[in-house]
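# Structural features, examined
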Amino acid sequence: MSDGRLNLIGMSIAEISRELASFVDRPFRARQIGAWIHQRDARSFEEMSNVPLALRKGLQKNFSLAE
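About the cut-offs
- Residues numbered from 1 in each chain as written.
- Predicted model: local features only at pLDDT ≥ 70, side-chain atom pairs only at ≥ 80, totals over all residues.
- Heavy atoms only, no water.
- Phe/Tyr/Trp six-rings, centres within 6.5 Å; stacked < 30°, edge-to-face > 60°.
- Helix = DSSP H or I, 4+ residues; strand = E, 2+ residues; numbered from the N terminus.
- Buried < 20%, exposed > 50% of the residue type's maximum accessible area, 1.4 Å probe, protein only.
- Lys NZ or Arg CZ within 6 Å of the ring centre and 35° of its normal.
- Salt bridge = Lys/Arg side-chain N within 4 Å of Asp/Glu carboxyl O.
- Core = buried A, V, L, I, M, F, W, Y, C linked by side-chain atoms within 4.5 Å.
- Contact = heavy atoms within 4.5 Å.

Right, let's get into the packing of aromatic side chains. If you walk through the whole model with that rule in mind, you get 1 aromatic pair. Judged by centre distance (5.2 Å) and plane angle (80 degrees), the ring pair of F23 and F63 falls under edge-to-face. A residue pair is termed long-range when its members are at least 10 positions apart, and F23 in the loop between α1 (13-20) and α2 (27-38) and F63 in strand β2 (residues 63-64) qualify at 40 residues. Since its relative accessible area comes to 29%, F23 is described here as partly exposed. Its relative accessible area of 7% is what places F63 among the buried residues. Here R40 stacks its cationic end above the ring of W36, 4.2 Å away from the centre of that ring.

Have a look at this one:
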């Protein structure tokens, strides 16, 4: 069942960067989020401690990390 949020799991870092390009405040943030998913196996935005809290909350509202 989909809740309307785009699931980032299964996307490459390049795909994540493209999807987040218009959403993040700085281009490196999209790569940073991709690295959290691929290299650190993050399964929640709350885990992304070096990503600003306001951005993490926005990500949670608009994107998913569902398996």
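Within this structure, the stated rule accounts for 4 salt bridges. Close ionic contact of D3 with R5 constitutes a salt bridge, the shortest N to O distance being 2.8 Å. Given the relative accessible area of 24%, R5 is considered partly exposed. A salt bridge links R29 to D25; its shortest N-O distance comes to 3.8 Å.

Moving on, we come to the environment of A21. Relative to the helices and strands, A21 resides in the loop between α1 and α2. Taking the relative accessible area as the measure of exposure, A21 reaches 52% and is therefore exposed. It is 9.5 Å that separates the C-alpha atoms of A21 and R31, two residues lying 10 residues apart in sequence.

The next point concerns unusual backbone geometry. Not every positive phi belongs to a glycine, and D41 is a case in point at roughly 55 degrees. By the element assignment, D41 lies in the loop between α2 and α3 (53-62). On the basis of relative accessible area, D41 is assigned to the partly exposed category, the value being 47%.

Moving on, we get to the nonpolar core. With 17 residues, the main nonpolar core has L8, L20, I33, I37, F45, M48 and L59 as its most contacted residues. Mapped by element, the contributors of at least two residues to this core are α1, α2 and α3. Element by element, the count of residues in this core is highest for α2, at 4 residues. Leave out the neighbours within four places in its chain, and F45 touches L8, R56, L59, Q60, F63, S64 and L65.

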